[in-house]
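Report on the structure
Chain by chain, the residues:
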Amino acid sequence: MRFTSAIALSALAFFSLPYSHSDNAAVAQSTSGFDSYMQQVGRKALQQGVSQRTLDRVLPSLTYNPRVIQLDQSQPGGRPNSAIPPFAPYKRRHVDAARINGGKAKYRQLISKLADVEREYGVPGPMIMAIYGHETNYGRITGNFDIPRALATLAYEGRRRALFEAEFLAVLKMIDNGVPQSAMKGSWAGAMGKPQFLPSVYLRLAKDGSGDGYADIWNSEADAVASIANYFVNAGWRRGEPWGIAVRVPASLNRDAIKNKTKAVRCPRVHERHSQWKSMAEWRALGVAPVTGRRLSNDTMATLLEPDGQGKTAYLLTGNYRVILDYNCSNFYALSVGLLADEIRS
């Protein structure tokens, strides 16, 4: 599993394997230093402004959770050079009738709030709904792990301590700022609420969309959709620009001539599949044509992605596609979000 964005942690929130009670001795050994480690983290939290009152209340309530460690260590890991599967089967599973119809229904239900959010942030309602649908099936599957306990356990285990300790410190700051500890439920890896934000992202980007003074991403859809929109704006969303369009690519196109020659610092394997950036006018001159009536303006810059290889449907992707990648750095995820948003809009 990638830890490439605030949201990528949610993908395995409900993956599970049976826990063996034969591991009890190992668990006892693992938990022997948990309280001591909590005190160490507490001192760091105090230095970062968390009150002693909050620490005295929260830290003694936390216990080691072996189930979280089991899930973390059981996650599937792809080899760096393993073959990339075709996109079409993924698309069929993630842009299916149930998700499309659910998105249309939820869009109609929230249309007034989504219109307000789009006016303020410039992020279209169907795009917000597509993220909402992919992350939590429109709020139906958000996870029931105790987030403070899960992150404390992952930080203590130490395999990715820099990541999880920072998120646990963010949890303590959230509680210190007034977020009820009891409300903090989510995936075993720390993603929370309807938009599946990590605690550090909640602190930076969660928004109060209902006007009650509290960004309740667990229970308030108004807060959840405003928070998703704010995330997109923070990642560079451009108002009024589509994410991309499906295109046909002529067999005569010289792929070597348009090959991307730069190496991305973040998610290089994702970005290396994209071509060089060219204007839509330049793509038209090369014979790349939209599949449907949707168009991009001549001066819009886009990259070409052929997820299923030559001769299959390809996509010209704008800078706003990169914003979707910021939410979860996977071409399959970002393409399916964009395509679901188009279906919800239609």
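Refer to the structure above for everything that follows.
Within any chain, residue numbers begin from 1 and follow the written order of that chain's sequence. With the structure being a predicted model, the display of local features is reserved for residues of pLDDT at least 70 and the display and counting of side-chain atom pairs for 80 or more, all residues being used for whole-chain, interface and lining totals. Side-chain figures throughout are based on the complete set of non-hydrogen atoms in the structure, without hydrogens or water.

Section: the sheet that holds strand 3 (residues 244-248)
In spatial order, the strands read 4-6-7-3-5; together these five strands make up an open sheet with antiparallel pairing. The outermost strands of the open sheet, each flanked by one partner alone, are strand 4 (278-279) and strand 5 (289-290). For two strands to be treated as a pair, DSSP must find no fewer than two bridges joining them. The secondary structure listing takes helices from DSSP runs of H or I that are at least 4 residues long and strands from runs of E that are at least 2 residues long, numbered from the N terminus. Where strand 3 lies against strand 5, two bridges are found, and the strand directions are antiparallel. Directly across from Arg248, in strand 5, lies its bridge partner Ala289.

Details of helix 12 (residues 221-234)
Every helix has an expected span of 1.5 Å times one less than the residues it contains. Its 14 residues give helix 12 an end-to-end C-alpha distance of 20 Å, which sits within 8% of 20 Å, the value for a rise of 1.5 Å per residue. Relative accessibility decides the category of a residue: with a 1.4 Å probe and only protein chains considered, values under 20% of the type maximum give buried, values over 50% give exposed, and everything between is partly exposed. Where burial is concerned, most of helix 12 is hidden: twelve out of the 14 residues are buried. When helix 12 is considered as a whole, its buried residues turn out to be Glu221, Ala222, Asp223, Ala224, Val225, Ala226, Ser227, Ile228, Ala229, Asn230, Tyr231 and Phe232. Whether two residues are in contact is decided by their heavy atoms: any pair within 4.5 Å suffices. Looking at the packing, one finds that the buried side of helix 12 touches helix 6 (97-109), helix 7 (111-121), helix 8 (125-136), helix 11 (199-205) and helix 15 (319-327). Just past helix 12, the residue Gly236 takes up positive phi, approximately 110°.

Some words on the environment of Ala289
Of note, Ala289 is situated in strand 5. Along the sequence, Ala289 and Val247 sit 42 residues apart, while their C-alpha atoms lie 5.3 Å from each other. Not counting residues within four places of it along the chain, the set of residues in contact with Ala289 comprises Ala246, Val247 and Arg248.

Quick look at the state of the cysteines
By disulfide we mean two sulfur atoms from cysteines, separated by a distance within 2.5 Å. Under the defined criterion, the tally for this structure stands at one disulfide. Covalent S-S linkage joins Cys267 and Cys329, the inter-sulfur distance amounting to 2.2 Å. Within this pair, whereas Cys267 is found in the loop between strand 3 and helix 13 (268-271), its partner Cys329 is found in the loop between helix 15 and helix 16 (331-345), the two being separated by 62 residues in sequence.

Side note on the layout of surface pockets
As a volume, the second largest pocket reaches approximately 410 Å³. Lining the second largest pocket are 19 residues, with Lys91, Ala246, Tyr315, Leu339 and Asp342 sitting closest to its centre. With four residues, helix 16 is the single largest residue contributor to the lining of the second largest pocket. Lys, Arg, Asp and Glu make up the charged group, whereas Ala, Val, Leu, Ile, Met, Phe, Trp, Tyr, Cys and Pro make up the nonpolar group; the residues left over, Gly among them, are polar. In terms of residue class, the lining of the second largest pocket is made up of ten nonpolar, three polar and six charged. With a 1 Å grid laid over protein atoms only, a set of points is called a cavity when a 1.4 Å probe fits there but cannot get out and a pocket when it is open yet has protein on both sides within 12 Å along at least five of seven lines; lining residues have an atom within 4 Å of a point. Grid points are joined across faces, edges and corners, and a volume is the space filled by probe spheres set on the points.

Description of the nonpolar core
The term nonpolar core refers to a set of buried residues drawn from Ala, Val, Leu, Ile, Met, Phe, Trp, Tyr and Cys, joined through side-chain atoms within 4.5 Å. The biggest cluster of nonpolar side chains holds 87 residues, and the ones touching the most others in it are Leu172 and Phe232. In terms of residue count, helix 16 provides more of this core than any other element does, nine residues in total. Counting 13 residues, the second largest nonpolar core, distinct from the first, contains Leu296, Ala302, Leu304 and Ala314.

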